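If you want the building blocks of each chain, they are given just below.
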Amino acid sequence: MWRVLTILAVAVAFGLHFWWRRRFLRQQRQVQLEMEDFQRHQQQTTTDAKAQQQVLFNSMLEGLLLLDRNRRIYLANRSFKNLFGIKAELRGKTIMEALRVRELADIVERVEGEGQMFDYELKLPDLTERWLQVNAAAISNSAGEREGTILVFHDLTRLKQLERAREEFVANVSHELRTPLSLIKGYVETLLDGARSNPEVAERFLKIIERNAQRLDLLIQDLLTISALEAGRAKLNLQAVELRPLAEKVLGDLKPPADSKSVTLVNQLPDLRATADAGRLEQVFANLVDNAIKYGRTQGTVTVGGGKTGDGKIEVFVQDDGPGIPPESLDRVFERFYRVDKARSREQGGTGLGLSIVKHIVQSHGGKVWVKSELGKGATFFFTLPQG
């Protein structure tokens, strides 16, 4: 009896042992699977986080550069590479190895000592004259030990160009205003000192004063015009405009200065109709024809012509047979106050804003303007307008 009970007890014990072992192994396997799943999830989360971080860095307009504690590049975003024109992998390189910019390496050394730097202006050593604003800070751990450096770059080139253009504009306006004002002041003082008692001298001086007052008035009007055009405040009264009669009117108005140089004015425009502001378009014709008369040759010819382009546009040109424009000036003639020959331009008069006004008026109509010229073969100015 006891033997049977013993055998049964042993059998039950073995059964329980195997049952518990199977259950333990099953639970262990389940835990292992859950751990593997957790690890995969963590790895995927880390990968996703890194990918999101990289997308975020690459979406920044500012250039971002991270350096490790050994001053080697750990991360450089897309904007940084674009700023410096780099396509190669930068990770692990020093700044001097990657960029060859000594001043930037000096900035990193300075930041390590001072902890941070704001609004530092860096001029890149290349022919395009580019400027960058650099903000940098040292990265430290909880123990205060330096872990690396972060640098953020913002492109200041456009702002520098606008600042230079503003300074040149102010200088040019000051010069253009000072010249006629000085003449007016000088002749008025001479008249007040007694010259007014001589009728012939007084009349001659008053005509000079009147001419310079008109020059000031033209300059102010041109400044107001170009300011309104650039700011988008100029309202266009668009309508169907017949180009040939408009050009004929302008040529008639400019016949006296043309006759003084024995310049022949020719209107070759066919019957074309454009959608335009007639008053503004008259300014375009007047400025281009007046320039052609001034800077063309004596006893030369100024021709106005044009035609349809086939894409819903009308192309108009004003051509002279004068000395032409040097190649290096072709891209600049539409800039405010730019003069190809400064001495000759001062002698001829004018505000230096005519071609800039032409450009802005044409662009406000949705057209474009350009010039073609060869030295000794004259110059031809073109512009386009929408068909009426």
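Up top you'll find the structure we're talking about.
This section reports on the structure supplied with the text. Please read these numbers as outputs of a predicted model, since none were measured by experiment.

## Quick word on empty space enclosed by the protein
Piece 1. Across all of its chains, the model carries one cavity of 30 Å³ or more by this definition.
Piece 2. Counted as a void, the largest cavity has a volume near 40 Å³.
Piece 3. Around the largest cavity, the lining residues are Leu 288, Asn 291, Ala 292, Val 318, Gln 319, Asp 320, Ala 379 and Phe 381.
Piece 4. Elements represented by at least two residues in the lining of the largest cavity include exactly helix H9 (278-295), strand S10 (313-320) and strand S12 (379-386).
Piece 5. Here the residues of the lining of the largest cavity are counted per class, giving five nonpolar, two polar and one charged.

## Structural notes on unusual backbone geometry
Piece 1. The backbone of Arg 100 shows a phi angle near 60°, a positive value even though the residue is not glycine.
Piece 2. Structurally, Arg 100 can be placed in the loop between helix H3 (95-98) and helix H4 (102-114).
Piece 3. The exposure class of Arg 100 is exposed, given its relative accessible area of 63%.
Piece 4. Backbone geometry at Gln 299 places phi at a positive 60°, although glycine is not the residue there.
Piece 5. We classify Gln 299 as exposed; its relative accessible area is 57%.

## A word on helix H7 (residues 243-253)
Piece 1. Among the residues of H7, those classed as buried are Leu 243, Leu 246, Ala 247, Val 250 and Leu 251. Relative to the axis of H7, the buried residues are bounded by an arc of 135° and lie together on one face.

## Observations concerning the pattern of salt bridges
Any two side chains of opposite charge can pair, on the condition that their charged atoms come close.
Piece 1. Applying the stated criterion to the full structure yields 18 salt bridges.
Piece 2. Of the charged contacts, one joins Glu 109 and Arg 71 as a salt bridge, the two residues approaching to 3.7 Å between their closest N and O atoms. With Glu 109 in helix H4 and Arg 71 in the loop between strand S1 (63-68) and strand S2 (73-76), the pair connects residues that are 38 residues apart, well separated along the chain.
Piece 3. A relative accessible area of 41% means that Glu 109 is categorised as partly exposed.
Piece 4. Residue Lys 249 pairs with Glu 282 through a salt bridge whose shortest N-O separation is 2.8 Å. Here Lys 249, found in helix H7, pairs with Glu 282, found in helix H9; they are 33 residues apart in sequence, far enough to count as distant.
Piece 5. Look at Lys 249 and you get partly exposed, because its relative accessible area is 41%.
Piece 6. Residues joined by salt bridges that share partners form a network here, namely Arg 71, Arg 102, Asp 106, Glu 109, Glu 112 and Arg 146.

## Considering helix H6 (residues 199-231)
Piece 1. Here H6 is 33 residues long and its end C-alpha atoms lie 48 Å apart, about the 48 Å a rise of 1.5 Å per residue gives.
Piece 2. The opening residue of H6, the one whose side-chain oxygen lies 3.2 Å from the backbone nitrogen of Glu 200, is Asn 198.
Piece 3. Gly 232, located one to two residues past H6, shows a positive phi value of around 75°.

## Here we look at the environment of Val 111
Piece 1. Along the chain, Val 111 falls in helix H4.
Piece 2. A relative accessible area of 0% means that Val 111 is categorised as buried.
Piece 3. Taking C-alpha positions, Val 111 is 7.9 Å from Thr 149, a pair spaced 38 residues apart along the chain.
Piece 4. Other than its neighbours up to four places away in sequence, Val 111 contacts Gln 116, Met 117, Ala 136, Ala 137, Ala 138 and Thr 149.

## Here's the deal with the packing of H9 against helix H11 (residues 354-364)
Relative placement of two packed helices is described by the angle separating their axes and the distance separating the axes.
Piece 1. Interaxial distance between H9 and H11 falls to 9 Å at its minimum, and their mutual angle equals 145°. Considering the relative orientation of H9 and H11, their crossing is left-handed. Across the interface between the two elements, Arg 280, Gln 283, Val 284, Asn 287, Leu 288 and Asn 291 from H9 touch Gly 354, Leu 355, Ile 357, Val 358, Ile 361 and Val 362 from H11.
Piece 2. Of the residues belonging to the contact of H9 with H11, the class tally is seven nonpolar, four polar and one charged.

About the cut-offs
Residues numbered from 1 in each chain as written. Predicted model: local features only at pLDDT ≥ 70, side-chain atom pairs only at ≥ 80, totals over all residues. Heavy atoms only, no water. 1 Å grid on protein atoms, 1.4 Å probe; cavity = no way out; pocket = protein on both sides within 12 Å on 5 of 7 lines; lining within 4 Å. Points joined across faces, edges and corners; volume = space filled by probe spheres on them. Helix = DSSP H or I, 4+ residues; strand = E, 2+ residues; numbered from the N terminus. Nonpolar A, V, L, I, M, F, W, Y, C, P; charged D, E, K, R; others polar. Buried < 20%, exposed > 50% of the residue type's maximum accessible area, 1.4 Å probe, protein only. Arc of directions from axis to C-beta. Salt bridge = Lys/Arg side-chain N within 4 Å of Asp/Glu carboxyl O. Expected span 1.5 Å × (residues − 1). Polar contact = N/O pair within 3.5 Å; in protein donor to acceptor, adjacent residues only side chain to side chain. Contact = heavy atoms within 4.5 Å. Axes fitted to C-alpha atoms, helices over the stretch in contact; angles between N-to-C directions. Left-handed = near helix turned anticlockwise from the far one by under 90°.

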